[in-house]
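Residues per chain are reported as follows:
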There are 2 protein chains.
Amino acid sequence: MRVEVVNIGTELLLGKVTNTHAGYFGEELFKLGLRIQRQTTIPDDDAIRTVLKEAFPRTDVILVTGGLGPTSDDITREVVAEMLGRKLILDQGIVDDLKAFFDNRGYEMSSSNERQAMVPEGAVVLDNPNGTAPGLYVPAVESEGTPHLFLLPGPPRELRPMTANLVLPKLVELLGPENAPETWHNFRIYGAGESAIADNLEPKLESIENLELGYCARLGEVDLRLIGPQQSIDQAADIIRAEYAREIIAESEESIESVIVRLLSDRHETVATAESCTGGQIANTITNAAGSSGVFHRGYVTYANSAKAELLGVPAELIVKHGAVSDEVVRAMAEGCLARSGADHALAVSGIAGPGGGSEEKPVGTVFIALASKGHDTFSKRHFTPADRISFKMRVTRLTLDLLRQHLAGFQLIA
Amino acid sequence: MRVEVVNIGTELLLGKVTNTHAGYFGEELFKLGLRIQRQTTIPDDDAIRTVLKEAFPRTDVILVTGGLGPTSDDITREVVAEMLGRKLILDQGIVDDLKAFFDNRGYEMSSSNERQAMVPEGAVVLDNPNGTAPGLYVPAVESEGTPHLFLLPGPPRELRPMTANLVLPKLVELLGPENAPETWHNFRIYGAGESAIADNLEPKLESIENLELGYCARLGEVDLRLIGPQQSIDQAADIIRAEYAREIIAESEESIESVIVRLLSDRHETVATAESCTGGQIANTITNAAGSSGVFHRGYVTYANSAKAELLGVPAELIVKHGAVSDEVVRAMAEGCLARSGADHALAVSGIAGPGGGSEEKPVGTVFIALASKGHDTFSKRHFTPADRISFKMRVTRLTLDLLRQHLAGFQLIA
């Protein structure tokens, strides 16, 4: 079943409001095994006419949002009636609901609201308990080549309950029992690039039947999604687990910070942080995970050398001799953080975010990261990841969190 | 000049990633006096062919994002070359740049990356310092009825600098001097809502000729953009400055952290942070601004009570008596931070991010924030801003930074 989404709203094209409709529908439809073939945003003008005309022959379902308001630029109802050659009829049930809606709020109903009660012949009214504009469902007419049309309100607060309660169940009904949704499985991978993964895996998975791969890369993390029959997914998953044992953060969409908080909670252990160039982002990321207060008690942001000495006990001579951005200093930061915080694990970073501060030996983008854990040798590593300041901080944060994730997952760290 | 936007990316239709491209382009084009006529999202498949074919005759410019990656589903280059009847040519400059990009990071270039160096004849390469996929600009050919095509990378971190540095200037050039964008002026306002600003200002600005107002709200910050002839802008700006003297962060698009770093640098002063519920986000935000190392030397993330006592000297009795989330404790945190860090200003926060930890007296969303400054009485304030954990942290971070901004800008803080 082919589905398209059409979002009407000038504000969506001016950068004033982010269009979250496509993402919401995408996620909900995916669970039904449906994909959106195309999503189009148009202004509040008669572009709706062209867009529907183009979409009618190539799709089975169109979800339209917006253009159901009471003002004169809300023309979705009129255009649809005209295109289908149906009359617009005043629906007394809607008029009564609108009156009640306004009465309840102590307002008088404006005469322009009556436009919202005009319904194309043959349409089913979709109740909107959260606003004034009811939705409309116009069933497909095979002989006329028109798809199923859902006309839905624009505000997410009205749209989402209506979709969940009325639209999705109708779609399941239209799909029929023979089209039960496909299964899918997600691998979240860190430490291997999207193209390297594709180059490596695609030949190995080629022979598996009806397997579809989806990739999504973000900040060095790759979501690899397998879609297809369960047997094919199982077969592919075994191969992927063998190839990326170390790099798989989660077989789900769990974030790396949430994985860390979960692994630490399971072991009743804690982590503390000592950050220079990331400026608090590692602590900030860990504390984004619910439940982090059980495993994270404190963090030090030691931007200045004096703070590294005072708060972490890094010897001033070490900084003078090797520089604040050095293997020696980052190890001392991690070890000082471990000792002073009493935590079971301590993460430390020191690097050059730029734009200033680089040298020939240590250019902007150079960073040293370290993990000290009770009863283990301190691990440290130099990385070079030049980028703008904010991206640099993000990348270093993930590199550092992944050290702890690998350690907690039982891997020997690789220098 | 008619502009359309086409976003390619299966993930944008699966709800995994929110499509922020349309909003970004909408905002930037608005500054040039251009509006997006239509925005379309399609999966990584050959839908790009149909979409471009439909768009060619009805528009002057198409901005395409995505589909420039190294994998086999990235076919934008091929489709465009085919539709324009041009050959794809290996661009040695791109190959060299790609090799350097991977060399710098200590990786070997994958053979699939070579696809990214294939360029349709006659296209102009748009440099991408932030990723592997260069952009391409294919000028319009009037005799063939093809519009100006910009093929751009999908990741915002790559797309946005490329758009700002290369695409927008080219659009200005294409517009020509007779269509030079109108002047505009931005006010960044914090502490007043978008609709409240509109209700207040619009009657006052109504009589000013040819003045257009644009709003963009984000995290409590509102960008209010004035567009029109210089004289009208000047007239309106005077009124806005009088109405929102305290709330104007900047008359530009400068971030609040950058404003703070600039004001502190001017005064040769420093700030330190003591964070509980924000978990390092205040320090992280300050250190996002270039030059922050001159004014920010250290931060404390004191999530656990023991950390508040040890690192900031908050008396344990105070925490027992009033609770960690209290006016008394947040003031002690700020004052302890000021004394121990030696900074000129200290910001402190303690609150309940949730989902757990709330009580009837102090429900989830309650937060106390404080500013201690040398030679000033400590200021503190209770706020209630219930939201999901991550939004809560962001809002509290901005509330707290704005305390310091107001203080540095010379305003008496209002309890």
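The structure reproduced in this document is the subject of the present report. Quick caveat: nothing in here was measured; it's all calculated off a predicted structure.

Now for the overall build of chain A. In terms of regular secondary structure, chain A is built from 13 helices and 17 strands. Taken against the 2.2 N^0.38 rule, which gives 22 Å for 415 residues, the C-alpha radius of gyration of chain A at 28 Å runs more than 25% over that of a compact globule. Principal-axis analysis of the C-alpha atoms gives chain A an extent of 85 × 60 × 45 Å. In chain A, which comprises 415 residues, the share counted as buried stands at 55%.

Once that is clear, we can look at the interface of chain B and chain A. Counting residues at the interface gives 71 residues for chain B and 73 residues for chain A. Our enumeration of links across chain B and chain A arrives at 6 salt bridges. Note that Glu 54 of chain A is salt-bridged to Arg 58 of chain B, the shortest N-O span being 3.1 Å. Between chain B and chain A we count 30 residue pairs in polar contact (both at pLDDT 80 or more) in total. Two elements, strand S14 (residues 296-302) of chain A and strand S14 (residues 296-302) of chain B, share 5 bridges in a ladder whose sense is antiparallel. Paired with Tyr 300 of chain A across the bridge in S14 of chain B is Tyr 300 of chain B.

Our next topic: the sheet that holds strand S13 (residues 271-275) of chain A. Here we have 10 strands laid out as an open sheet, ordered S17(A)-S16(A)-S15(A)-S13(A)-S14(A)-S14(B)-S13(B)-S15(B)-S16(B)-S17(B), and mixed in their pairing. Each edge of the open sheet is held by one strand with a lone partner, namely strand S17 (379-384) of chain A together with strand S17 (379-384) of chain B. Recorded for the sheet is a direction-independent mean angle of 10° between the axes of neighbouring strands. Summarising the sheet, strand S13 (residues 271-275) of chain B and S14 of chain B pair through 4 bridges and their orientation is parallel. Across the sheet, residue Thr 273 of chain B finds its bridge partner in S14 of chain B, namely Gly 299 of chain B.

Attention shifts here to the packing of helix H10 (residues 305-312) of chain A against helix H12 (residues 327-341) of chain A. How two helices pack is summed up by the angle between their axes together with the distance between the axes. Residues and elements named next belong to chain A. Close contact between H10 and H12 brings their axes to 9 Å; oriented N to C, the two are set at 35°. Relative to H12, the crossing made by H10 is left-handed. Residues Lys 308, Glu 310, Leu 311 and Leu 312 of H10 form the contact with H12, whose own contacting residues are Val 329, Ala 332, Met 333, Gly 336, Cys 337 and Arg 340. Of the residues contributing to the contact of H10 with H12, the split by class is 6 nonpolar, 1 polar and 3 charged.

All names here are of chain B. Relative to the elements of secondary structure, Thr 65 occurs in strand S3 (residues 61-65). Side chain to side chain, Thr 65 and Asn 7 meet in a polar contact 2.9 Å long. Beyond its immediate chain neighbours, meaning those up to four positions away, Thr 65 contacts Val 6, Asn 7, Ile 8, His 21, Phe 25, Leu 152, Pro 153 and Leu 159.

Moving on, we come to the environment of Gly 122 of chain B. All names here are of chain B. Residue placement: Gly 122 occurs in the loop between strand S5 (118-120) and strand S6 (124-126). With relative accessibility at 55%, the residue Gly 122 sits in the exposed group. Between the C-alpha atoms of Gly 122 and Ile 89, which are 33 residues apart in sequence, the distance is 9.7 Å. With near-sequence residues (within four places) excluded, Gly 122 lies in contact with Arg 86, Tyr 137 and Pro 139.

The subject of this paragraph is the pattern of salt bridges. What the rule picks out here adds up to 42 salt bridges over all chains. A salt bridge links Glu 254 of chain A to Arg 262 of chain A, with the shortest nitrogen-to-oxygen separation between them at 2.9 Å. Note on Glu 254 of chain A: relative accessible area 18%, which makes it buried. A salt bridge links Glu 253 of chain B to Lys 31 of chain B; the nearest nitrogen and oxygen atoms lie 3.2 Å apart. With Glu 253 of chain B in the loop between strand S12 (248-250) and helix H9 (256-267) and Lys 31 of chain B in helix H2 (residues 21-31), the pair connects residues that are 222 residues apart, well separated along the chain. Look at Glu 253 of chain B and you get partly exposed, because its relative accessible area is 33%. Look at the salt bridges and you will find they share partners, linking Glu 27, Glu 28, Lys 31, Arg 225 and Glu 253 of chain B into a network.

Right, let's get into the pairing of strand S2 (residues 36-42) of chain B. Counting buried positions along S2 of chain B yields 6 of 7 residues, so the element is predominantly enclosed. Note: strand S2 (residues 36-42) of chain A against S2 of chain B, 3 bridges, orientation antiparallel. In the sheet register, Thr 40 of chain A faces S2 of chain B, and the bridge partner there is Thr 40 of chain B. Bridge count for strand S1 (residues 3-8) of chain B against S2 of chain B is 6 bridges, and the pairing is parallel. Looking at S2 of chain B, one finds that Val 3 of chain B is bridged to Ile 36 of chain B.

All names here are of chain B. Turning to its location among the elements, Cys 277 is positioned in the loop between S13 and helix H10 (281-286). Taking relative accessible area as the criterion, Cys 277 reaches 4% and is therefore assigned buried. Sequence separation of Cys 277 and Val 396 is 119 residues, and the distance between their C-alpha atoms is 8.7 Å. Setting aside chain neighbours within four positions, we find Cys 277 in contact with Tyr 303, Val 349, Ser 350, Gly 351, Ile 352, Val 367, Phe 392 and Lys 393.

Residues and elements named next belong to chain B. Applying the stated rule across the entire model yields 8 aromatic pairs over all chains. Centroid distance Phe 101 to Phe 102: 5.6 Å. Interplanar angle 80°. Geometry classified as edge-to-face. An identical accessibility class is assigned to Phe 101 and Phe 102; each is buried. Arranged with centres 4.6 Å apart and planes meeting at 15°, the rings of Tyr 137 and Phe 150 form a pair that is stacked. Residue Tyr 137 is found in strand S7 (residues 135-138), and its partner Phe 150 is found in strand S8 (residues 148-152); the two are separated by 13 residues along the sequence. Here Tyr 137 falls in the buried class, since its relative accessible area comes to 5%. Note on Phe 150: relative accessible area 1%, which makes it buried. Positioned above the aromatic ring of Trp 184, the side-chain terminus of Arg 225 is 5.3 Å from the ring centre.

For the rest of this paragraph, the subject is the packing of helix H8 (residues 256-267) of chain A against helix H13 (residues 389-408) of chain A. All names here are of chain A. Closest axis-to-axis distance for the H8/H13 pair is 10 Å, and the angle between their directions is 35°. In this structure, H8 meets H13 at a crossing whose hand is left-handed. Where H8 abuts H13, its residues Ile 256, Val 259, Ile 260, Leu 263, Leu 264 and Arg 267 lie against Arg 398, Leu 401, Asp 402, Leu 404, Arg 405 and Leu 408. For the contact of H8 with H13, the residue count by class is 8 nonpolar, no polar and 4 charged.

Residue and element names in this part refer to chain A. Tracing the sequence through the fold places Thr 270 in the loop between H8 and S13. By relative accessible area, which is 13% here, Thr 270 ends up buried. In this structure Thr 270 touches Leu 264, Gly 294, Val 295, His 297, Ala 343, Asp 344 and His 345, once residues within four positions along its chain are discounted.

All right, on to the layout of surface pockets then. There is about 430 Å³ of room inside the second largest pocket. The wall of the second largest pocket is formed by 22 residues, among which Ser 293 of chain A together with Ser 276, Tyr 303, Gly 351 and Ile 352 of chain B lie closest to the centre. Those elements that place two or more of their residues in the lining of the second largest pocket are S14 of chain A together with helix H11 (305-312) and strand S15 (345-351) of chain B. A breakdown of the residues in the lining of the second largest pocket according to their chemical character gives 9 nonpolar, 11 polar and 2 charged.

This part covers the pairing of S8 of chain B. All names here are of chain B. Among the 5 residues in S8, 5 count as buried, and that is most of the element. The side-chain alternation of S8 yields two buried faces, one formed by His 148, Phe 150 and Leu 152 and the other by Leu 149 and Leu 151. With 5 bridges connecting them, S3 and S8 associate as parallel partners. In the sheet register, Val 61 faces S8, and the bridge partner there is His 148. Pairing geometry for S7 and S8, over 3 bridges, is antiparallel. In the sheet register, Leu 136 faces S8, and the bridge partner there is Leu 151.

Thresholds, definitions, all that
Residues numbered from 1 in each chain as written. Chains lettered and ligands numbered in written order. Predicted model: local features only at pLDDT ≥ 70, side-chain atom pairs only at ≥ 80, totals over all residues. Heavy atoms only, no water. Helix = DSSP H or I, 4+ residues; strand = E, 2+ residues; numbered from the N terminus. Rg over C-alpha atoms; globule rule 2.2 N^0.38 Å. Buried < 20%, exposed > 50% of the residue type's maximum accessible area, 1.4 Å probe, protein only. Contact = heavy atoms within 4.5 Å. Salt bridge = Lys/Arg side-chain N within 4 Å of Asp/Glu carboxyl O. Polar contact = N/O pair within 3.5 Å; in protein donor to acceptor, adjacent residues only side chain to side chain. Pairing = 2+ DSSP bridges. Axes fitted to C-alpha atoms, helices over the stretch in contact; angles between N-to-C directions. Left-handed = near helix turned anticlockwise from the far one by under 90°. Nonpolar A, V, L, I, M, F, W, Y, C, P; charged D, E, K, R; others polar. Phe/Tyr/Trp six-rings, centres within 6.5 Å; stacked < 30°, edge-to-face > 60°. Lys NZ or Arg CZ within 6 Å of the ring centre and 35° of its normal. 1 Å grid on protein atoms, 1.4 Å probe; cavity = no way out; pocket = protein on both sides within 12 Å on 5 of 7 lines; lining within 4 Å. Points joined across faces, edges and corners; volume = space filled by probe spheres on them.

Geometry only, nothing functional implied.
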